[in-house]
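Below, each chain spelled out in residue letters.
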Amino acid sequence: MRCASLLPLVIALVGCASDDTSSVSGSGGTTAAGGGGGSTGLDSGTWPDAGNDAASGSGGTAGAGGTAGAGGTAGTSGAGGTAGTSGAAGAGACAAMPAGWPATIAPWAHNPVLVPTKSVSANGADNVYAPDIHAYGGAFVMWYGAQGGDGHDRIFMAWSMDRAEWRKWPKDSAPAAVLDVGSSNHVNDPSVVHVGSTWRMYYTDAPVGIEDRIWLAESSTLTGFNKVKEVLGPGPAGSWEADKVGRPSVLYENGTYKMWYDGAANGSRHVGYATSTDGVTWTRFSGNPVLKNAGAVDVKKVGGVYVMLREAGDGTYWATSPDGTCWMDRGKLFSLSGAGYDQFGQVTPFLDVENGALKAVWFGGASVGTWDKNRIAVAFPSDVTPPGGGGCTACTAAGSSCAEACQGANVSGGSCGAPGSTNPGACCACASEGCDACKGSAPDCQAACVAIGKAGGWCGHPGSINPSLCCTCLP
């Protein structure tokens, strides 16, 4: 489960490497001691979901890094901190900036976009986070984690036409896990790649307690994932990742799987990197960790450059790399919104990228200081026009949607009519979705598509009276 206090981060960067298996080069010589305080607030030997990671005052000041550059200064109580450069490598080869990077990125005014369905036991702990979004089949598909009233995390799925209004599978008022815990204590933090006809989900799996490992699950559809096997476990005794590993971020590029992940040992959390040719057997990068005192990262290629996001108590932070191993810290990407949903931090961020261009940044908004009541939210770049809908998660029944609320009034469709409202009487705008004459007895096309085994759908042919030319279902 996601339950944490704020995490002060001082990022120590390593130098560039020539390829995925070579040793680190350009490390800049010997690094001086870092002032001691920079990582004292980190995980206390557990992930931030352990619930006992109290931040311990100011982060302190990192000492000078010798020829590797200044270490930077940590923020106080939850601030993400800033990082020094990694010597000559950091000032040169590691310093690539993404082409077309937006001038600013800001949390959306209509956040949060997805909240727990608290009436359902699998969502009963009032905690959703770790979104992973893909454009697919004419819509946007989100896999996300949610904590149940039984204390176990599971992975769920939702979809949207506009990134604003989301429909949960199989039903907003009764979401079901696409990957259940099975015999594990929890499963969460999905990172999904589509290879051929198979969806491959890499995720955090804790067999007992919070002894996290990285596992693979697979499905031929958007739902119904089955566990395959553990693909990455903790490192050897005494290593930087000896206690546990988790929170994978996986890309599939030119026949190679690339994974960035959290590793923890002795109260510290760092980021490692591994590669695979088959997605099952992984080789760790010899220069690990590639980013120190950071975690819950997501990595995508934006404008020809790798971009990494990381969570923090005072906003979302980022770093860039030309090759995925040599990282330059860029500091804070954007701050907290000023609203209640993320007043204690932004967790498990995700880069939403299409054709190499950034479209959105998703994150879990921490509404309480223990980081165990999160809501999924989005930030949009200044060069992207935000969607016109959304903003009614506070006036519909918890976790439901306007589409489902309008069905209660015998109307097949609905959207948010009063963004930001907390009044159920002034909330949704109800109107037929357009397929009433062709969808049969189902309340809407979403239900009609789910009934034939699909993950969801919408009215694809408004006004049709032909059942065979009616709803458009997700593939």
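What counts and what doesn't
- Residues numbered from 1 in each chain as written.
- Predicted model: local features only at pLDDT ≥ 70, side-chain atom pairs only at ≥ 80, totals over all residues.
- Heavy atoms only, no water.
- Pairing = 2+ DSSP bridges.
- Helix = DSSP H or I, 4+ residues; strand = E, 2+ residues; numbered from the N terminus.
- Axes fitted to C-alpha atoms, helices over the stretch in contact; angles between N-to-C directions.
- Disulfide = S-S within 2.5 Å.
- Buried < 20%, exposed > 50% of the residue type's maximum accessible area, 1.4 Å probe, protein only.
- pLDDT = per-residue confidence, 0-100.
- Contact = heavy atoms within 4.5 Å.

Focus on the sheet that holds strand β22 (residues 374–381)
Here's step 1: With antiparallel pairing, the 4 strands of this open sheet are ordered in space as β2-β22-β21-β20. The sheet is open, and its two edges are formed by β2 (105–107) and β20 (346–354), each paired on a single side. Averaged over all pairs of adjacent strands, the angle between strand axes in this sheet comes to 25 degrees, irrespective of strand direction.

Points about unusual backbone geometry
Here's step 1: The omega angle of the peptide bond from Trp169 to Pro170 is -5 degrees, so this bond is cis rather than trans.
Here's step 2: For Pro170, the location among the structural elements is in the loop between β6 (166–168) and β7 (186–195).
Here's step 3: The omega torsion across Asn288 and Pro289 is -5 degrees, close enough to zero to call that bond cis.
Here's step 4: Residue placement: Pro289 occurs in the loop between β14 (283–284) and β15 (291–292).
Here's step 5: In this structure, Arg163 takes a positive phi of about 70 degrees despite not being glycine.
Here's step 6: When you line up the elements, Arg163 lands in the loop between β5 (153–160) and β6.

Quick word on the state of the cysteines
Covalently bonding the sulfur atom of one cysteine to the sulfur atom of another cysteine gives a disulfide.
Here's step 1: Tallying each qualifying case throughout the model produces 9 disulfides.
Here's step 2: Linked covalently through their sulfurs, Cys94 and Cys326 form a disulfide whose S-S length is 1.4 Å. Because the torsion about its S-S bond is -95 degrees, the bridge between Cys94 and Cys326 counts as left-handed. Here the residue Cys94 occupies a position in the loop between α1 (87–91) and β2, and Cys326 occupies one in the loop between β18 (315–321) and β19 (328–335), the gap between them amounting to 232 residues. The burial state of Cys94 is the same as that of Cys326; both residues are buried.

Some remarks on the confidence of the model for the protein
Regions with low pLDDT should not have their predicted coordinates read in detail.
Here's step 1: Scored by pLDDT, the protein comes out at a mean of 85, with 81% of its residues at no less than 70.
Here's step 2: In the predicted structure, residues 3–77 sits below a pLDDT of 50 and forms 234 contacts with residues beyond four places in sequence or in another chain.
Here's step 3: Overall, residues 82–91 carries pLDDT values under 50, and its contacts beyond four positions in sequence, including any with other chains, amount to 41 contacts.

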